[in-house]
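As a plain string of letters, each chain reads:
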Amino acid sequence: MTNELKTSLIRAGVYEYGEVDPKTVEFTEEVRKYCEDNVCRQYGKTWACPPAVGTVDECRERARSFDKMLVFSGKYDLEDYTDFEAIHAAMTGFKSIARKLDEEVKPFLSDYLMLSNEGCGMCEVCTYPDAPCRFPDRVHGSIEGYGIYVNKLAEMAGMNYNNGKNTVTFFGALLYNANHELNTNADRNRATTQGRPYTNRDGAREPRP
Ligand code: SF4
């Protein structure tokens, strides 16, 4: 089972991963306030973001009903921080990583919750709030929308929040109940081949060899 999960992370194209106990993760109104300020323009636009995901208390309770939290990231290179096209491609690319990981774990995890970066983007026009989500089994809640400080979460998981100049890194999490353990906190894992981080700019999602 442990090997299956590790293989899934590599096949999905994650950059780094680490595991934390969801009961030690803070779910805060402060982060939710950033959503409410609508900096990312997704607040109230999709079932994947607040307020549709529920209150922070509800998100905390939902997340803590699982005993494992596997944090994963995607790192993307940019020309510079005005390279909005590449930033948008990175956001979309990371969502694809989370969806790929979802597909990978579905055969062997029956009880899990996947969180990803902001928004959804699966449908051209989201049904929110007029009709139910078209793909409730595939929509991934926003990790920030849950009230999580992603920088703190990365540190807890032994992962890099910032991967250098002219890069952007996105984070997601897989919450699940299982009997297996990943030895990730003691020995940080980088899902890479031959020590070279996989850079998936332009949303490339091929499994590593
Ligand atoms: S799957 Fe479609 S309906 Fe559901 S949250 Fe995403 S965009 Fe909206």
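A quick note: this is a predicted structure, and the numbers were derived from the prediction, not measured.

(A) Helix H4 (residues 84–105), seen in detail. The terminal C-alpha atoms of H4 lie 32 Å apart, and with 22 residues this matches the ideal 32 Å at 1.5 Å per residue to within 8%. When H4 is considered as a whole, its buried residues turn out to be Ala86, Ala90, Met91, Gly93, Phe94, Lys95, Ile97, Ala98, Leu101, Asp102 and Val105.

(B) Molecular detail of the pairing of strand S2 (residues 68–77). The buried fraction of S2 amounts to 9 of the 10 residues, a majority that puts the element mostly inside the structure. Pairing between strand S1 (residues 16–20) and S2: 4 bridges, direction antiparallel. Residue pairing for S2: glycine 18 is matched across the bridge by valine 71. Pairing of S2 with strand S5 (residues 167–176), which is carried by 10 bridges, proceeds in the antiparallel orientation. Considered in S5, the bridge of leucine 70 is made with leucine 174.

(C) Just the nonpolar core, in detail. Val71, Leu101, Tyr146, Leu153, Ala173 and Leu174 are the most contacted members of the largest nonpolar core, which has 50 residues in total. For this core, the secondary structure elements donating two or more residues are helix H1 (2–12), S1, helix H3 (56–63), S2, H4, strand S3 (112–116), helix H5 (150–156) and S5. Of the residues forming this core, the biggest block, 8 residues, is contributed by H4. Those residues in contact with leucine 174 that sit more than four places away from it in its chain are Leu70, Leu101, Val105, Tyr112 and Met114.

(D) Examining unusual backbone geometry more closely. Between proline 50 and the following residue, proline 51, the backbone shows a cis peptide bond with an omega angle of 0°. Here the residue pair tyrosine 128 and proline 129 is connected by a cis peptide bond, since its omega of 0° sits within 30 degrees of zero. In this fold, proline 129 is placed in the loop between S3 and strand S4 (141–142). Residues other than glycine seldom take positive phi values, yet arginine 41 does so here, at roughly 65°. Residue placement: arginine 41 occurs in the loop between helix H2 (29–36) and H3. The exposure class assigned to arginine 41 is exposed, which follows from the 10 C-beta atoms found within 10 Å. For asparagine 166, which is not glycine, the phi dihedral falls at a positive 55°.

(E) H3, seen in detail. Restricting attention to buried positions, one finds in H3 the residues Val56, Cys59, Arg60 and Ala63. One face of H3 carries all of its buried residues, which in axial projection span an arc of 100°. Counted as exposed and oriented over 90 degrees from the buried face of H3: Asp57, Glu58 and Glu61. Looking at the buried positions of H3, the neighbouring elements they touch are H2, S3 and S5.

(F) Molecular detail of the confidence of the model for the chain. When the pLDDT values of the chain are averaged, the result is 86; 84% of them are 70 or greater. Low pLDDT (under 50) marks residues 180–209, which in the prediction has 61 contacts with non-local residues, meaning those over four places away or in another chain.

(G) Representation of the pairing of S5 in the model. In terms of residue burial, S5 counts as a mostly covered element, since 8 of its 10 residues are buried. Inspection of the sheet shows S3 paired to S5 by 4 bridges, in the antiparallel sense. Its bridge partner being in S5, methionine 114 is matched across the sheet by leucine 174.

(H) Focus on the environment of glutamate 104. Looking at the element boundaries, glutamate 104 is found in helix H4. Residues glutamate 104 and threonine 7 lie 97 residues apart in sequence; the distance between their C-alpha atoms is 8.8 Å.

(I) Quick peek at the environment of aspartate 83. Mapped onto the elements of the fold, aspartate 83 is located in the loop between S2 and H4. When the 17 C-beta atoms within 10 Å are taken as the criterion, aspartate 83 is described as partly exposed. Through-space distance from the C-alpha of aspartate 83 to that of asparagine 166 is 9.3 Å; in sequence the pair is 83 residues apart.

Cut-offs applied
Residues numbered from 1 in each chain as written. Predicted model: local features only at pLDDT ≥ 70, side-chain atom pairs only at ≥ 80, totals over all residues. Helix = DSSP H or I, 4+ residues; strand = E, 2+ residues; numbered from the N terminus. Expected span 1.5 Å × (residues − 1). Buried ≥ 20, exposed ≤ 12 C-beta atoms within 10 Å, placed from the backbone. Pairing = 2+ DSSP bridges. Core = buried A, V, L, I, M, F, W, Y, C linked by C-beta atoms within 7 Å. Contact = placed C-beta atoms within 7 Å. Arc of directions from axis to C-beta. pLDDT = per-residue confidence, 0-100.

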